[in-house]
Amino acid sequence: MAKLLPLSLSLCFMLLSGCFAFREQAQQQHQNDFECQLQRLNAHKPDHRIESEGGFIETWNPNTKPFQCAGAALSRCTLQRNALRRPFYTNAPNKFTFNKTFEEPQQSQSHKAQDRHQKVYRFREGDLIAVPTGVAFWMYNDEDTPVVAVSFIHTDSFQNQLDQMPRRFYLAGNQEQEFAQYQQSQKGKQQQEENEGSNIFSGFTPEFLEQALGVDRKIVRNLQGENEDEEKGAIVKVEGGLSVTAPPMRKQQQRPQEEEEEEDDEEKSRSKGKDSHKSKNGIEETICTMRLRHNIGQTSSPDFFNPQAGSITTATSLDFPALFLLKLSAQFGSLRKNAMFVPHYNLNANSIVYALQGRALIQVVNCTGDRVFDGELQEGEVLIVPQNFAVAAKSQSNNFKYVAFKTNDRPMTSTLAGRNSLLNAIPEEVIQHTFNLRSEQARQIKNNNPFNFLVPPLQSHRKDVA
């Protein structure tokens, strides 16, 4: 009976904290509304331009009062012929609209049958593209006329659990960060040289990436942007053009009904999820009748399991409906010695990691490629990993156990290495030109790690691959 008391106190504390936070937020919102009642409006032009090898990016200052009041940020990207904007993701929802482009080429594009990746879409003038928070995005111009893409970032979205400063998390290169100078200006320009930044892989040690990806040190150096010409920037030129598997524009236009049906199915699924906290007879459950206990530390069916690496089990509102009310979730993990979980990030949640047993070496990387944490997390210690920050861990004890509390009842995670990783979903040629690699090296990045999330120690890893 004594074990139930902490749970009851925790629930009461979270509910009361939620009420307090809501009142405080409402009060702050009222104050912001008052401050945003501007007497005079002005048109704004971009005030910063970043040149790249294949084009340029222009930005508007998100710290000005109109943008802060709107909870928005804006940038404009211009791609020249055969220009590839390197993959990146953002800490808030994006919308892209294209106001210059021309008809699709008539010749069919060749592709390598062995390359597997997510579907690639063509775009045309006037298209609006929705890019969810934390989802990687890249684009390429195969036409003679420059393409101009305007990006709107909703920094005030509930999906953004960081501050209102927009952040681009680049997967490659050593380019200047789009909005870094505005962040530095807020801090008094203490370290102006940090504006150059780097990519998300550059923050991890080479040893971590070698084990996570199953590749050699030379390929890792390319991933981290070492020895790369800084003038290349975020937009690179693809000599000879890019060839990836993409359906013609006409075929995409012939399937609007199918896409609408898919969207309807997704909407029904979401509605069903929203009602998942209701009982079978349709009457909404109360705190008194709702199931308030769910075990994730001793389950026989973990979400991820590798006998040589460990296991991971997650509880969300889908399998534990009480979490829907709290807007929280939890993850329990166990790692064997020298095993690791691959670099990854949470698309829609902060993560509060508490070490239950043992110790692990953990690395956390921010949007400028800086390693903001590189040390051991020991039993009884806690580490807070912000939304979209990349994190990887390697166990230093026989059995490292942890619990991670996440600030979303349905957290989404994207891995940066492994069988179902973000890199695995990108076309081989895009990886090749993004990281300046040979074709076989790009293939190694996609295929050398056959594991999903948990990677066994390096020796057994190599045996499994062989």
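Residues numbered from 1 in each chain as written. Predicted model: local features only at pLDDT ≥ 70, side-chain atom pairs only at ≥ 80, totals over all residues. Heavy atoms only, no water.

In this structure, what is going on with the overall build of the chain? I would like to understand it.
Per the secondary structure count, the chain includes 12 helices and 22 strands. When burial is assessed residue by residue, the chain has 47% of its 466 residues classed as buried. Taking the contacts inside the chain whose residues are at least 6 apart along the sequence as the reference set, 76% of them involve residues at least 24 apart. Of the roughly 24,700 Å² of accessible surface on the chain, 50% is carried by carbon and sulfur atoms. (Helix = DSSP H or I, 4+ residues; strand = E, 2+ residues; numbered from the N terminus. Buried < 20%, exposed > 50% of the residue type's maximum accessible area, 1.4 Å probe, protein only. Contact = heavy atoms within 4.5 Å. Areas by Shrake-Rupley, 256 points an atom, 1.4 Å probe, with all protein chains shown as cover.)

I'm lost on the sheet that holds strand β13 (residues 329-336) in this one. Help?
Neighbouring strands of a sheet are bound in pairs by backbone hydrogen bonds; such pairs are parallel or else antiparallel. One open sheet accounts for six strands, arranged β11-β12-β13-β20-β15-β18; its pairing is antiparallel. Edge positions in the sheet fall to β11 (304-306) and β18 (382-385), since each has one partner strand and no second. Neighbour-to-neighbour, the strand axes of the sheet open up by a mean angle of 15 degrees, direction not taken into account. Examined bridge by bridge, strand β15 (residues 351-357) and strand β20 (residues 399-406) share six bridges and lie antiparallel to one another. (Pairing = 2+ DSSP bridges. Axes fitted to C-alpha atoms, helices over the stretch in contact; angles between N-to-C directions.)

What is the right way to read the packing of aromatic side chains from this model?
Remark: the centre distance and the inter-plane angle together describe each pair of aromatic rings, the angle taken between the planes. Enumeration over the complete set of coordinates arrives at 11 aromatic pairs. One aromatic cluster in this structure is built from F304, F341, F400, Y402 and F453. Taking the ring centre of F56 as reference, the NZ or CZ of R49 above it sits at 3.5 Å. Above the face of the F324 ring, K327 is positioned so that its terminal group lies 3.9 Å from the ring centre. (Phe/Tyr/Trp six-rings, centres within 6.5 Å; stacked < 30°, edge-to-face > 60°. Lys NZ or Arg CZ within 6 Å of the ring centre and 35° of its normal.)

I'm lost on the environment of Y354 in this one. Help?
Here Y354 lies in strand β15. Residue Y354 is classed as partly exposed on the basis of its relative accessible area, which comes to 34%. When the C-alpha atoms of Y354 and L377 are compared, they prove to be 8.4 Å apart, with 23 residues separating the residues in sequence. The contact partners of Y354, leaving out residues within four places of it in the chain, are G380, E381, V382, K401, Y402 and V403.

Please explain the pairing of strand β4 (residues 83-90) as it appears in this structure.
Strand residues, when the strand is regular, have side chains that alternate between the two faces of the sheet. With eight of eight residues buried, β4 is to be regarded as a mostly interior element. Two strands pair when backbone bridges link them, and β4 and strand β7 (residues 137-141) are joined in this way by four bridges, in the antiparallel orientation. Bridging from a neighbouring strand, R85 pairs with M139 of β7. When β4 meets strand β10 (residues 235-237), the two strands line up antiparallel, connected through three bridges. The residue bridging R85 from the neighbouring strand is I235, located in β10. By the bridge criterion, three bridges tie β4 to strand β9 (residues 168-170) in an arrangement that is antiparallel. Along β9, the bridge assignment pairs T90 with R168.

What is the right way to read the pattern of salt bridges from this model?
When the charged atoms of two side chains lie near each other, side chains of opposite charge can form a pair. In this structure the tally under the stated criterion is 15 salt bridges. Measuring nitrogen to oxygen at the nearest pair gives 3.5 Å for the salt bridge that ties K232 to E53. In this pair, K232 sits in the loop between α5 (217-223) and β10 while E53 sits in the loop between β1 (48-52) and β2 (55-59), placing the two residues 179 residues apart along the sequence. For E53, a relative accessible area of 36% corresponds to the partly exposed category. Salt-bridge contacts for E376 lead to R359; the nearest nitrogen and oxygen are separated by 2.5 Å. Of this pair, E376 sits in strand β17 (residues 371-378) while R359 sits in strand β16 (residues 359-365); the two residues are 17 residues apart in sequence, bridging distant segments of the chain. Looking at R359, the relative accessible area reads 33%, which means it is partly exposed. A single network of salt bridges, built from pairs that share partners, joins R85, R168 and E178. (Salt bridge = Lys/Arg side-chain N within 4 Å of Asp/Glu carboxyl O.)

Sorry if this is basic, but what is going on with the side chain of S75 here?
In this structure, S75 sits in strand β3 (residues 73-79). Within the structure, S75 has its side chain in polar contact with the side chain of E178 (distance 3.3 Å). When neighbours within four sequence positions are excluded, S75 is seen to be in contact with E58, T59, W60, A149, V150, S151, R168, E178 and F179. (Polar contact = N/O pair within 3.5 Å; in protein donor to acceptor, adjacent residues only side chain to side chain.)

Can you help me understand helix α11 (residues 439-447) in this one?
Spacing of three or four residues puts side chains on the same side of an α-helix, whose turn is 3.6 residues. When we look at burial in α11, the residues that qualify are S439, Q441, A442, I445 and K446. Along α11, the residues classed as buried sweep out an arc of 165 degrees about the axis, all on the same side. Along its buried surface, α11 packs onto α4 (206-213), α5, α9 (422-425) and α10 (428-434). (Arc of directions from axis to C-beta.)

Got a minute to help me understand the nonpolar core in this structure?
If you look at the biggest cluster of nonpolar residues, it comprises 65 residues, and the most contacted ones within it are I200, F201 and I445. Formed by 15 residues, the second largest nonpolar core is a distinct cluster that contains A83, F123, A149 and Y170. (Core = buried A, V, L, I, M, F, W, Y, C linked by side-chain atoms within 4.5 Å.)

Quick question: what am I supposed to make of the side chain of N160 here?
As for its placement among the helices and strands, N160 is situated in the loop between β8 (147-153) and β9. Looking at N160, the relative accessible area reads 8%, which means it is buried. Of the polar contacts made by the side chain of N160, one reaches the backbone nitrogen of L162; its length is 3.0 Å. Setting aside residues up to four positions removed in sequence, N160 forms contacts with N91, A92, T155 and Q387.

Just checking my understanding: could you explain the pairing of β13 for this structure?
The buried fraction of β13 is high, at seven of eight residues. Bridge count between β13 and β20: eight bridges; the pairing is antiparallel. In the strand pairing of β20, F332 is matched with V403.

What is the right way to read the confidence of the model for the chain from this model?
Chain-level statistics for the chain give a pLDDT mean of 78 and a share of 73% at 70 or above. Considering each helix and strand of the chain separately, the mean pLDDT is smallest for helix α1 (residues 4-35), with a value of 37, and largest for strand β19 (residues 390-395), with 96. Scored below 50 in pLDDT, residues 1-27 shows six contacts in the model against residues more than four places distant or in partner chains. A low-confidence stretch, residues 101-113 (pLDDT under 50), is modelled with 29 contacts involving residues beyond four sequence positions or located in other chains. (pLDDT = per-residue confidence, 0-100.)

Can you help me understand α4 in this one?
The element α4 is largely enclosed, with a buried count of six among its eight residues. F208, L209, E210, Q211, A212 and L213 are the residues of α4 that are buried. One or two positions beyond α4, positive phi appears at G214, with a value near 70 degrees.

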